[in-house]
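Observations on the model geometry
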Amino acid sequence: MAEQWVWRDDQKALLNAANARRLLVRGAAGTGKTAAAVERLRGLLAAGVSGHTVTVLAPQPLLARPYQDLLASVDSPATSAVNVLTFGGLTRRMVSLYWPMVAQAAGFAVTSAPTFLDSESAQWAMAKVVEPLMSSPGFFETVRLPRARIYGQILDNMNKAALVGFELDEIGRRLAVAWSGEAAQVRVYDDVQAAANAFRKYCLTYGLLDYSLTVEVFVQHVWPLAACQNYLKARARHILYENSE
């Protein structure tokens, strides 16, 4: 016989809080936060809430799987309209939707449909841009990492800067300030900055958007649009945010 799930009182309170505008659920791993949130989604759909007004956000696709499993198991037309997205997926969708309105202001040389880069294609493009710089005297000469690792770490720094809200041209300086090793190594961060700048210029020239540029375009150009905010407010009247931290 399958084990029957027994809801705790705190989980019941979450499921029954029908009129609450905001609910923040905290707890250690394995305490049933996701299980309760999934059941709340089931309750919203059972109550007749339109799937078009429900959005599930998760930091990575794996953490969204329980919600997708629920939607696949519920026999209702509303389930197909529920948005289950990562933050990256949300920004990419919004940038694509409002691209004609923001491309020029964001500094792109082309306004045709954008090309979004995944991690592999972004690393390929980074290599294409930085390989010629490697022939410059002293460029990354003290770094012993494989070139693929170097390119990946530059992209990672660009992604973190975009998410935190740092300007692209602050990356090298901030890395240098945080460095506590030999002073001679600090010049490496000038090379990191040069590589990041060259990669960004390449992307703007050819209409390419890696993760960092997608986030920046969304935050700086798309989100301020009244049309975008009205669209998201209508499409996300009910938000379930998994692992919001």
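See the structure shown above.
Every value quoted in this text rests on a predicted model; they were computed, and no experiment measured them. What you see as residue numbers is a count from 1 along each chain, following the sequence as written. Reporting of local features is limited, given that this is a predicted model, to residues whose pLDDT is at least 70; pairs of side-chain atoms are given and counted only at 80 or more, and all residues count toward the totals for whole chains, interfaces and linings. Side-chain numbers come from the whole structure's heavy atoms, not from hydrogens or water.

**What to know about the overall build of the chain**
Operational definition: Secondary structure elements are taken from DSSP: a helix is a run of H or I of four residues or more, a strand is a run of E of two residues or more, and numbering for both begins at the N terminus. Accessible area is worked out with a 1.4 Å probe on protein chains only. A residue is then buried under 20% of its type maximum, exposed over 50%, and partly exposed in between. Whether two residues touch is decided by their heavy atoms; if any such pair falls within 4.5 Å, the residues are in contact. Using a 1.4 Å probe, the Shrake-Rupley method yields the accessible areas, and only the shown protein chains count as cover for residues.
Looking only at helices and strands, one finds 11 helices and five strands in the chain. Considering the chain as a whole, with its 245 residues, one finds that 39% of them fall into the buried category. For the chain, restricting intrachain contacts to residue pairs at least 6 apart in sequence, the fraction spanning at least 24 positions comes to 69%. A total of about 14,700 Å² of accessible surface is found on the chain, and carbon and sulfur atoms cover 54% of it.

**With respect to the pattern of salt bridges**
Cut-off, in case you're wondering: A pairing counts as a salt bridge when a side-chain nitrogen of Lys or Arg comes within 4 Å of a carboxyl oxygen of Asp or Glu.
A complete count under the given rule lists seven salt bridges for this structure. The salt bridge involving glutamate 131 is made with arginine 147; its shortest N-O contact spans 2.5 Å. Residue glutamate 131 is located in the loop between α6 (119–130) and α7 (147–164), and its partner arginine 147 is located in helix α7; the two are separated by 16 residues in the primary sequence. Between arginine 187 and aspartate 191 there is a salt bridge, with the nearest N and O atoms lying 4.0 Å from each other. Highlighted residues: arginine 187 and aspartate 191, both in helix α9 (residues 187–206), separated by four residues, approximately one helical turn. Each of Glu170, Arg173 and Arg174 takes part in one network of salt bridges that share partners.

**Concerning unusual backbone geometry**
A positive phi angle, near 55 degrees, is found at phenylalanine 140, a position not held by glycine. Position of phenylalanine 140 relative to the elements: it lies in the loop between α6 and α7. Residue classification places phenylalanine 140 among the buried positions, given a relative accessible area of 6%.

**Let's talk about the packing of aromatic side chains**
Rules: Here a pair means two rings of Phe, Tyr or Trp (six-membered ring of Trp) with centres within 6.5 Å. Their orientation is stacked below 30 degrees between planes, edge-to-face above 60, and tilted elsewhere. Whether a charge sits over a ring depends on NZ of Lys or CZ of Arg being within 6 Å of the ring centre and within 35 degrees of the ring normal.
Taken as a whole, this structure holds five aromatic pairs when the rule is applied. Note on tryptophan 99 and phenylalanine 108: the rings are 4.7 Å apart at their centroids and 65 degrees apart in plane angle, and the pair reads as edge-to-face. These aromatic residues form a ring-pair network of at least three members: Phe87, Phe218 and Trp223. Looking at arginine 174, its charged tip hangs above the ring of phenylalanine 166, at a distance of 3.4 Å from the centre.

**Re the sheet that holds strand β2 (residues 83–86)**
In plain terms, the rule: By definition, two strands form a pair when at least two bridges between them are found by DSSP. Between the N-to-C directions of two axes lies an angle of 0 to 180 degrees, each axis being a line fitted to C-alpha atoms and, for a helix, fitted only over the stretch in contact.
Pairing within the open sheet is parallel, and its three strands lie in the order β2-β1-β5. Every other strand in the sheet has two partners, leaving β2 and β5 (238–241) as the edge strands with one partner each. Averaged over all neighbouring strand pairs, the angle between strand axes comes to 20 degrees, with direction disregarded. Inspection of the sheet shows strand β1 (residues 54–58) paired to β2 by four bridges, in the parallel sense. Directly across from alanine 58, in β2, lies its bridge partner threonine 86. Across the sheet, helix α4 (residues 87–97) is in contact with β1 and β2; its angle to β2 comes to roughly 105 degrees.

**Quick word on the side chain of arginine 200**
Examined against the element boundaries, arginine 200 turns out to sit in helix α9. Look at arginine 200 and you get buried, because its relative accessible area is 8%. Leave out the neighbours within four places in its chain, and arginine 200 touches Met158, Leu168, Ser212, Leu213 and Glu216.

**Let's talk about the layout of surface pockets**
Note the following rule: In this analysis, the protein atoms alone were mapped onto a 1 Å grid. Cavities are point sets where a 1.4 Å probe fits without being able to get out; pockets are open sets with protein on both sides within 12 Å along at least five of seven lines; lining residues have an atom within 4 Å of a point. Grid points are joined across faces, edges and corners, and a volume is the space filled by probe spheres set on the points. Charged means Asp, Glu, Lys or Arg here, nonpolar means Ala, Val, Leu, Ile, Met, Phe, Trp, Tyr, Cys or Pro, and polar covers whatever is left, Gly included.
Its boundaries defined by the atoms lining it, the second largest pocket holds a volume of some 390 Å³. Taken together, 17 residues form the lining of the second largest pocket, with Leu57, Leu90, Leu232, Ala236 and Ile239 sitting closest to its centre. Where the lining of the second largest pocket is concerned, the elements lending two or more residues are β1, β2, α4, α11 (226–235) and β5. Here the lining of the second largest pocket is composed, by residue class, of 12 nonpolar, two polar and three charged.

**Some details on the nonpolar core**
As a reminder, the rule being used: For the purposes of this section, nonpolar cores are sets of buried Ala, Val, Leu, Ile, Met, Phe, Trp, Tyr and Cys residues that join through side-chain atoms within 4.5 Å.
Ranked by size, the top nonpolar core spans 48 residues in total, and within it Phe140, Ile154, Val217 and Val222 carry the most contacts. Elements that contribute at least two residues to this core include exactly α4, α5 (99–102), α6, α7, α9, β4 (208–209), α10 (211–222) and α11. When residues of this core are assigned to their parent elements, the largest contribution, nine residues, is made by α9. The contacts of valine 217, once residues within four sequence positions are left out, are Val95, Val102, Ala106, Phe108, Leu209 and Val222. Counting residues in each nonpolar core, the second largest holds 14 residues, with Val38, Leu44, Leu70 and Leu240 among its members.

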